[in-house]
Structure formats: structure tokens, C-alpha cells
Amino acid sequence: MIELTVNGTPHRVDVDPATPLLYVLRDELRLNGAKFGCGLGQCGACTVMAEGEAIYSCLTPVAALQGRKITTVEGLGTADNPGPLQRAFIAEQAAQCGYCIAGMILRAQAMLQRNPSPSDGEIRAAMEPNLCRCGTHMRILRAIRRASNEMRTASAQNPTEARP
Amino acid sequence: MIDALAARPSRRRVLAGGALIVSFALAPRVLLAQTVQGAAAPPLPGSLKTEPMLDAWIRIDADGAITVFTGKAELGQGIATALIQLAAEELVVEPATIHLVTADTARTPNEGFTAGSHSMQDSGTAIMNAAAQARAILVKAAADRLQLAPERLKAEGGAVIAEDGRRVAYGELVAGAILHVRAAPRSDLIDPKNHRLIGKPWPRIDIPAKVTGGVAFVQDLRLPDMVHARVVWPPSYGATLKAVDSAPVETMPGVLKVVRNGSYLAVIAEREYQAIAAMRALADAAQWDETPTLPTEDELFSYLARQPSQLIPVRQDSGSPPPPVQSVAARYRRAYQMHGSIGPSCAVGLFRDDALTLWTHTQGVFPLRAAVAELLALAPEKVRCIQVQGSGCYGHNAADDAAADAALLARAFPGRPVRVQWMREQEHSWEPYGPAMLTEVSAGLDAAGKIAQWHYRVRSNEHSTRPGTAGNLMPAWHLAQPVALPVPKPIPLPEGGGDRNALPLYTIPFADIVYDFVPAMTLRVSALRGLGAYMNVFTIESFMDELALAAKADPVAFRLRHLEDPRARDVITLAAERFGWSNYRRQPGRGRGFAFARYKNLGAYAAVAVEAALEHETGRLRVIRAVAATDSGEAVNPDGIRNQIEGGILQSSSWTLYESVGFDRTRITSRDWSSYPILRFSAVPESVEVHVIDRPGQPFLGTGEATQGPTAGAIANALADAAGIRIRELPLTAERIKQAIGV
Ligand code: FES
Ligand code: FES
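Residues numbered from 1 in each chain as written. Chains lettered and ligands numbered in written order. Predicted model: local features only at pLDDT ≥ 70, side-chain atom pairs only at ≥ 80, totals over all residues. Heavy atoms only, no water.

1. A closer look at unusual backbone geometry
Moving on, step 1. The omega angle of the peptide bond from B:Leu493 to B:Pro494 is 10 degrees, so this bond is cis rather than trans.
Moving on, step 2. Among the secondary structure elements, B:Pro494 is positioned in the loop between strand E19 (451-460) and strand E20 (510-517).
Moving on, step 3. Look at the link from B:Leu730 to B:Pro731: it is a cis peptide, with omega at 0 degrees.
Moving on, step 4. With respect to the helices and strands, the residue B:Pro731 is situated in the loop between strand E25 (729-730) and helix H18 (734-741).
Moving on, step 5. A positive phi angle, close to 55 degrees, is found at A:Arg30, a residue other than glycine.
Moving on, step 6. Tracing the chain through its elements places A:Arg30 in the loop between helix H1 (21-28) and strand E3 (47-50).
Moving on, step 7. In this structure, B:Val92 takes a positive phi of about 55 degrees despite not being glycine.
Moving on, step 8. Within the fold, B:Val92 resides in the loop between helix H3 (79-91) and strand E3 (98-101). (Helix = DSSP H or I, 4+ residues; strand = E, 2+ residues; numbered from the N terminus.)

Set out below in C-alpha cells:
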């Protein structure tokens, strides 16, 4: 039995400890956000956060995450009540097929938690591991910029509540 | 500019469409007269030609619920949103009240493939007209009921409302199947100046689920009792399975079944990761016979040049051209390039009671159904294909192959849904690539610096090996009773395949243009976004700059000198203006490039200007900014068009700068993203601007593929401007550039 906290909810899962987190999220916990893209750490489609760090869920064995806090895109908001990055991606219409997008959002989330006021260069550098084949990059960058502005304004107005 | 040869097929098609309508509408004697005179009745708009019943497209239930049906598929291009906008506009309802059903062989019209940037022309036109005609029928029915003249009523918010305020809901009017009628050739469309929805940037309906982890993709389907499968593909083309001891795999945790049929080898397990672990064990146990069937990568183009071919004339003027004052000639090459979807192909199949249901991200549910029915020797009615979105495909990727896997494995494991997804290296090494191509062009200029003659030859495989038959499904090649890939037939002009856009839109007094079609495939190929247009436009637009240089003319002015079509001139002028072409100041190491095409000479017009920067020491070229102008006819969702064009520019710049499929004598060596690198964020332009010229009331022109070719041409031209070197081989890699500038 491996214990994990995913989007604030504790779970005990009974799988081979070598199973990559991706399959636990998708098949055991029935979450759609993390996607299989390469299984090789080359594309970022499977990106989620573990204790605030962006990780490749396709490579990380679930045993290595025992007791850790995992966040997937489902943990950032819902279609009815989207979080800041989700709102920004909708506002910028930052998706074509959208297969890469959940991974993009999680990588951006991890960056903004570390660095709430990134420069354009810092955003690009942070996003480097994630691939988008549809060429939605310009909109993704705009959405991250928009979310960062929005999150900063919100935290200036209400410093306790508005953590990203 | 369309020559006689190119125009012939299209005229035939129009006539056939016309005759079809006439035969429904008129008595035989009149039909004969019409045919003899060649003056056919006006054809039905868009796909109403093939499915004329209004209720095949629009259904209104007694409770007022509205369902719209399209045979086209949402591929991430935003078609669902645009089709809902069209239907809602003409039915005068809010878009949120419409439920759209996309490609499903049991429910929707057969609109063939969602490809070739045809969806708005075919399905959009059909739905817009069907909705307008449905509205007119509802207004007429309400008028009869209220005993008023139809002019005194209007449709609004799902009801027909009389001047005196009386109101009849659509749902109350639909009894007696009043929409079960044939479409008329003409519709009473809403005047574009009164549009509420068309022409407005409407948010895509599919995006909220995609950013919040909703079920958005076929990869996300979890049907009750579903099991997971993986296939072990042969390591190379033509490899055969010599032996495999599958006994140890059969006892692995979760494994339900190992399937072997000839050289087709797969495993089914309860859990996805169990299937992957079993697939790996099975791959280790499998012994293959492989033969080197490929040329080396270095000799690819000489090999391609030697392949037997068929000459297909594109435009061949008779007589002899005037002797040129100046001549220029060049040859260009394009490597194999891949679709490279981020999510490997996936499908779910359920075989129950001798019938198969497939959930698939195919681009053509009906052609796939025919192919799968043949593969399983089932009647087509026993196969239902339901399209569910997958990762963006950009043409014919492995979607249909994965569907064939799901079909074969569901039949081998009946009663429970079987989900199969390909692995990254499988997608990379087995998908059908965009073909390698060779072009050769020479032209003569007259004393005024205008093109007097033009000789062009494009050599290529055909660009579509899509299903329709079992042999188009790669799994069929490996079965104990294999079905071979049929020799592809060239796609006829004016759309063309390898010769798509081989005919320039420019005014050329004398032209000799030939498609040198190579039937035999070297690597597996099929339709990649734009087909031959990517290479033909790259060639033509590179060469236009070479000619402009010879004529000592500005590249933009030189293009305009050869264009009469005002819409072509408009996009060129607008792109040049917004780029700041005429007052451009070149910084060291930078250059500007321009290119233009009208996709297929029938679809959207697109002009692209780029500024690129060259890093001298590494040869690395980067697009700094791109400015595009497009004309897609009436722009239904301008932001959707911008999204597609931006994406097209970035994707094409990735193809153009980095991408070529590697192989040795036996195997594909591009097996992942490190052996087949694509654009990453650090190389993305600083800005990409797209200007959409809206033409309200004009026919929709396909947009999705319009900038693939122009972007490539503009980048090559920017490199020439920055460094004074002309590279005529795609991709324009850093190594190639370094070599050319001699560092
Ligand atoms: S799927 Fe994990 S990095 Fe590609
Ligand atoms: S939106 Fe399709 S891969 Fe990024």
C-alpha cells in the first residue's frame, strides 16, 4: 500500500511500487489531467506537481512519492470555478487540440509559486521541457503572463488568501 | 489562372452535382434537356449535395431541444464551435442551446474525411443553409397556425413570434416531421450585416474541459469493465516474427491474453501499466527476421530520383515561349517529416453480439468503417465508428491504425471494451510520414523583368494512403493472412496531392508543369498538413525571391507584379504593411523574408512575412517575428482562424528549421523527441501577428493548412536576406546553414 495525497485528498493505492505515478493518477484515481505523451521525460504532457515541484509523472515511480502532496490540473479548479491559470488559458483561448495543456498549466503553476513575477525569458526557460505540436506557444505564453499579473494583483489586494 | 487540364475535373464535379439535384426535382424529359444544354440546376450548398435531407443535419425535439449533426470531426481545430455559431445564427437561438453531434457512422451524415481544410466549405455551408431553411419552415408553420402572413412573424430565441406578441415555440411546431424534407438550392440566409454570432470571436466550447481535466480525449475514455492492450510492433518495415515464447508473459500480473496472428503480436491486461510491462517482456521475447530494404539516408534523394514514375501534366502550354532575356534554374529537396502528435494514437473497441463499436480519433469514420469491416470480414452495418477527439493529428497519423488494433483485439477479447494506445517509439517509427520530395524549376525573365516562361517538375510519392480498404490499415500488413497496401492513386487536380499548389497563382504567359508521381513507397507515407503544397510553395516562393534578385526587384513588389487576383494582392499588401516591409532596417545577423500562396489555388489566401536572426557561430536560425494576413472568405470565428494560422506558422517553422525523419538501411532511427527534435519554447518567436480579412457573405475558404508553405518560403528567404545564402533543402538545419556560411 502506498499513501499519497492528491489534490488535498489522501489515497492508499495497491499497485506495484515501480508503477509510474501517471498510471496511478489515470487508472486508479481516474484523473484525466496528466497525459501519456512519451513516457521518456521528453515532452511534459504528464507534468504534475509534487510538493510544489513540477515532475514528469511518466517517469516517477509511485513508491518515490510515498506521503507526498501531488497536484494535478484537477486540483487547480473546475470548469465552473477555474483557478487563475485555467481562467487565463480560457481567456487567451490557449489551446488547439489541448493535449499538452494540462502539463503546461502544471509547469507554469510550479514556476509561478516559485517566482510570482517572472520575466518573459524566465517563463520561456521554465516552459522549455514541455512540447506543443499544435504551435499554441504564443497563446500559452500570453496566458501565463496574464495569470501571473492576475495572481499578483489578487495577492496585493488580499495577501493571505490569494496564493496561486 | 486555372488551366484547362486542371479545370476539367472540377467542372465535371459541378455537373454531376447539378444532375443529381435535377433528377430529384424535375421530370425525366426536362432532365434530358438540361443535360443536353449543359445548364444544370444550381447544386445544393456544401455537403447538402450528398445528404440533402434537412433533418439529417438538424433535429428539433418536441421539448425544443436542438441537435445539430456534422459528419466532420473536431480535431482541435475548433470546428465544433464554428458549426454551432453557424447553426445558432440561422436558427436565431443562443449557441449554448445547441447540442452538436460530430462524426459517428450511426448518427451523422457521411462527409468523408475531415481533411484538406474542407470542413467549413462542406459542413459549415450545409449546416448554415439547413438551419436557414429549417427556420423558414418553422416560420411558415407558425404563420399557418396563427393565420398570419409569414412576413409578420420572426424567429427568435427558439420560438416564432408574431407582431401581436403571440409566440409559438419551435418544439410545438415540429410534429409531423416537418424538417424531413429535401433541401432547396437556395436559402433565405440572414443578411451578414445583421449577424449576431458569425464573424465574432466566439470562445471554443471544448477548451474549459481541456484545462480542467474533463474527459476531452479518446485517451480519457473509461468504459465500464474496460481492459488495456499494447501491441508489439515489428522493429522495421517488412520484419516477420520468427518465434516468441509468450508463456512467461501470460502469467504476468493482470495479463488476460496474448494475441498472436502471423507477425501481429499484442497483449491484453486488466491495468494499463500491466499491459505495458507485459508488452516489454513480450518484445524482449520476440525474435524477428529483418531485411535491409531502405537506401541509406545519404543516398535518399538519388534513390528517389531513380524510382520508376508516371508523368502527370499539371499545366502544359503548347507552342514555344519567347526567348528569355535572363534565365534562372534551381532544384530543391524536402526530407520525410512526421506528424508527431504529442499524444500517441489510441482507440477503444467493443466486440459484442457479432458487432463492433470503435471509439477513435480517425479523420474519417465512414472510410474507416469500410476498412475495418473488410479487415474483420464483417458487414459494414456491424461496425460503428464514433469519433472522439485525440491529440492533434495534422493529417493522417496512426489514428486509423490504432482503431484497427482496437478492432482486432476487441474481437480477440469479446464482451469487454479494449483500450489500446501506442507507445512513443511506435508512433514515431510507424506513423505514415509526409513524403520526401524533389522539385526542379527554371524560369525566364523578359526585358521588363517579368516572368516569361516557367518550367517545373515535382517528384514525389502520393500524399494519401488513407483508409477505405483494409490494406490502408498498417496492422493488416502483419497478419497471418496479410492485406497489402494498395498502390495509391494520385489525388486529381485541382486539389492535387504531390502536385498540390504546383501551379503558381502568379501570371505566367508560358508554363510547363509536371507531376512526376512515384508509386512505390520507400518509407511509409500519407497526408501531412498541406500535402504537396508545403514543398511546392516552399519551392515557388524561394524561387520567386531568386527571380526577384535576378530582376533586381523588391520581393513583395515582384510578387505583386505577377498577380491580378485582388484578394491575393490584398493579403500581400496587408502583411507587408503590418510587417513594416518598406521601411525595414536590417540589423546585423538578421533578415526578412516574404511568401504567399492561395491554398490549393481554391482555399484561403495567406501571406507571411518573417524576420529571422542567424547565430553565426552555430548556424542556428530563429524566427524573431512573423506577420501574416489571411482571407478565408467569410470569417465565422476570427479568433479560431487566428489560432489555426498562428499554430500553422509555428508548426511549419518547426518542420522547416529542424525536422527530418532519420533511418538506416533497415530501421527508422527517429524514435523519440531527442532523435527527432521539434520546436521548443526557447526558439519560439517574440511575436506572431495574424490579420484576418473578413469577407462577409463570401463562401468559406479552408484555412487550416494555408500557412504551411508560405512560412517555409518566408523563412528560407529571410535566411537568404540575413546571410546571402540560399539553402534549397528542407529542413534548414543549423549544420546545413553552418556549412553554407563556411564556419
Ligand atoms: S509523457 Fe512524461 S515527459 Fe512525455
Ligand atoms: S495544443 Fe495540441 S499539442 Fe499543444
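2. Remarks on empty space enclosed by the protein
All names here are of chain B.
Moving on, step 1. On inspection of all chains with the given rule, the structure shows 9 cavities of 30 Å³ or more.
Moving on, step 2. Within this model, the largest cavity holds a volume of roughly 670 Å³.
Moving on, step 3. Along the walls of the largest cavity sit 40 residues, with Gln-77, Ser-117, Gln-644, Thr-703 and Gly-704 positioned nearest its centre.
Moving on, step 4. When contributions to the lining of the largest cavity are tallied by element, the ones reaching two or more residues are H3, helix H4 (119-146) and helix H16 (638-658).
Moving on, step 5. No other element matches the 3 residues that H16 contributes to the lining of the largest cavity.
Moving on, step 6. Across the lining of the largest cavity, the residue classes break down as 16 nonpolar, 19 polar and 5 charged. (1 Å grid on protein atoms, 1.4 Å probe; cavity = no way out; pocket = protein on both sides within 12 Å on 5 of 7 lines; lining within 4 Å. Points joined across faces, edges and corners; volume = space filled by probe spheres on them. Nonpolar A, V, L, I, M, F, W, Y, C, P; charged D, E, K, R; others polar.)

3. Observations concerning helix H2 (residues 84-91) of chain A
Moving on, step 1. Listed as buried for H2(A) are A:Leu85, A:Gln86, A:Ala88 and A:Phe89. Along the axis of H2(A), the buried residues cluster in a sector spanning 160 degrees; they form a single face.
Moving on, step 2. Tucked inside the fold, the buried residues of H2(A) contact helix H3 (101-114) and helix H5 (137-157) of chain A together with helix H6 (207-212) of chain B.
Moving on, step 3. In the segment just after H2(A), A:Gln93 is the residue with positive phi, at about 50 degrees. (Buried < 20%, exposed > 50% of the residue type's maximum accessible area, 1.4 Å probe, protein only. Arc of directions from axis to C-beta. Contact = heavy atoms within 4.5 Å.)

4. Topic: the interface of chain A and chain B
Moving on, step 1. With 54 residues of chain A at the interface, the matching set in chain B holds 65 residues.
Moving on, step 2. In total, chain A and chain B occlude about 4800 Å² of area from one another, counting both sides; carbon and sulfur atoms represent 55% of this.
Moving on, step 3. Where chain A meets chain B, there are 7 salt bridges.
Moving on, step 4. Of the charged contacts, one joins A:Arg139 and B:Asp639 as a salt bridge, the two residues approaching to 3.1 Å between their closest N and O atoms.
Moving on, step 5. Mapped by element, the contributors of at least two residues to the side of chain A that touches chain B are H1, H2, H3, helix H4 (120-127) and H5 of chain A.
Moving on, step 6. Take the side of chain A that touches chain B: its biggest share by element is 6 residues, from H5(A).
Moving on, step 7. The residue inventory of the side of chain A that touches chain B, partitioned by class, reads 28 nonpolar, 15 polar and 11 charged. (Buried area = accessible area lost by both parts, 1.4 Å probe. Salt bridge = Lys/Arg side-chain N within 4 Å of Asp/Glu carboxyl O.)

5. Notes on the layout of surface pockets
The rolling of a water-molecule-sized probe over the atoms marks out the regions of remaining empty space.
All names here are of chain B.
Moving on, step 1. Empty space within the second largest pocket amounts to approximately 650 Å³.
Moving on, step 2. In terms of lining, the second largest pocket is formed by 27 residues, of which the most central are Ala-80, Leu-100, Thr-102, Ile-205 and Gln-389.
Moving on, step 3. Secondary-structure elements contributing two or more residues to the lining of the second largest pocket are H3, E3, H6 and strand E16 (383-387).
Moving on, step 4. At 4 residues, E3 tops the list of elements feeding residues into the lining of the second largest pocket.

6. Some thoughts on helix H11 (residues 399-412) of chain B
For an α-helix, the turn length of 3.6 residues means that residues three or four places apart are oriented alike.
Residue and element names in this part refer to chain B.
Moving on, step 1. Here H11 is 14 residues long and its end C-alpha atoms lie 20 Å apart, about the 20 Å a rise of 1.5 Å per residue gives.
Moving on, step 2. Within H11, 12 of the 14 residues are buried, which leaves it mostly tucked inside the rest of the structure.
Moving on, step 3. Buried within H11 we find Ala-399, Asp-400, Asp-401, Ala-402, Ala-403, Ala-404, Asp-405, Ala-406, Ala-407, Leu-408, Leu-409 and Ala-410. (Expected span 1.5 Å × (residues − 1).)

7. Describing the domain arrangement of chain A
Residue and element names in this part refer to chain A.
Moving on, step 1. Domain assignment breaks chain A into domain 1 (2-75) and domain 2 (84-161).
Moving on, step 2. Domain 1 and domain 2 are separated by 21 Å when their C-alpha centres are compared.
Moving on, step 3. The interface of domain 1 with domain 2 comprises 17 residues on the first partner and 13 residues on the second.
Moving on, step 4. Interface of domain 1 and domain 2: buried area, both sides summed, is about 1300 Å²; carbon and sulfur atoms make up 59% of it.
Moving on, step 5. Contact with domain 2 buries area across many residues of domain 1, yet Thr-47, Met-49 and Val-73 alone supply 37% of it, more than any other trio.
Moving on, step 6. Across the domain 1-domain 2 interface, the total number found is 0 salt bridges.
Moving on, step 7. Our count for the domain 1 to domain 2 interface comes out at 5 residue pairs in polar contact (both at pLDDT 80 or more).
Moving on, step 8. Elements with a contribution of two residues or more to the side of domain 1 that touches domain 2: E3 and strand E4 (53-56).
Moving on, step 9. When grouped by side-chain class, the residues that make up the side of domain 1 that touches domain 2 number 8 nonpolar, 7 polar and 2 charged. (Domains from an automatic or database assignment. Polar contact = N/O pair within 3.5 Å; in protein donor to acceptor, adjacent residues only side chain to side chain.)

8. Overview of the nonpolar core
Among soluble globular proteins, nonpolar side chains are generally buried collectively.
Moving on, step 1. Formed by 201 residues in total, the largest nonpolar core has its most connected members in A:Phe89, B:Leu356, B:Leu409, B:Trp454, B:Leu547 and B:Phe596.
Moving on, step 2. Considering every element that reaches this core, the biggest residue donor is helix H13 (residues 533-550) of chain B, with 10 residues.
Moving on, step 3. Membership of the second largest hydrophobic core comes to 51 residues, among which are B:Leu54, B:Ala130, B:Ala155 and B:Leu173. (Core = buried A, V, L, I, M, F, W, Y, C linked by side-chain atoms within 4.5 Å.)

9. Considerations on the sheet that holds strand E23 (residues 620-631) of chain B
Adjacent strands of a sheet pair through backbone hydrogen bonds, lying either parallel or antiparallel.
Residue and element names in this part refer to chain B.
Moving on, step 1. Taken together, 4 strands build an open sheet; the order of strands is E21-E22-E23-E24 and the sheet is mixed. A single partner strand is all that each edge strand has here, and the edge strands are strand E21 (590-598) and strand E24 (687-693). On average, adjacent strands in this sheet sit at an angle of 15 degrees to one another, irrespective of strand direction.
Moving on, step 2. Of the strand pairs in this sheet, E23 and E24 are connected by 7 bridges, and their pairing is parallel. Residue pairing in the sheet places Arg-625 in a bridge with Ser-687 of E24. (Pairing = 2+ DSSP bridges. Axes fitted to C-alpha atoms, helices over the stretch in contact; angles between N-to-C directions.)

10. Side note on the sheet that holds strand E13 (residues 326-334) of chain B
All names here are of chain B.
Moving on, step 1. Ordered by their spatial adjacency, 6 strands build an open sheet running E12-E20-E19-E18-E13-E25, and the pairing between neighbours is mixed. Looking along the sheet, the strands with just one partner apiece sit at the ends: strand E12 (310-316) and E25.
Moving on, step 2. In the sheet, E19 pairs with E20 via 8 bridges, with the strands oriented parallel. The partner of Trp-454 across the bridge, within E20, is Ala-511.
Moving on, step 3. Against the sheet, H13 engages E13, strand E18 (437-445), E19 and E25, with an angle of about 150 degrees to E13.

11. Regarding the pairing of E13(B)
Residue and element names in this part refer to chain B.
Moving on, step 1. Both E13 and E18 contribute to a ladder of 9 bridges, which runs antiparallel. By the bridge assignment, Val-328 is partnered in E18 with Ala-443.
Moving on, step 2. Where E13 meets E25, 2 bridges bridge the pair, whose relative direction is parallel. Within E25, the residue paired with Arg-333 across the bridge is Glu-729.

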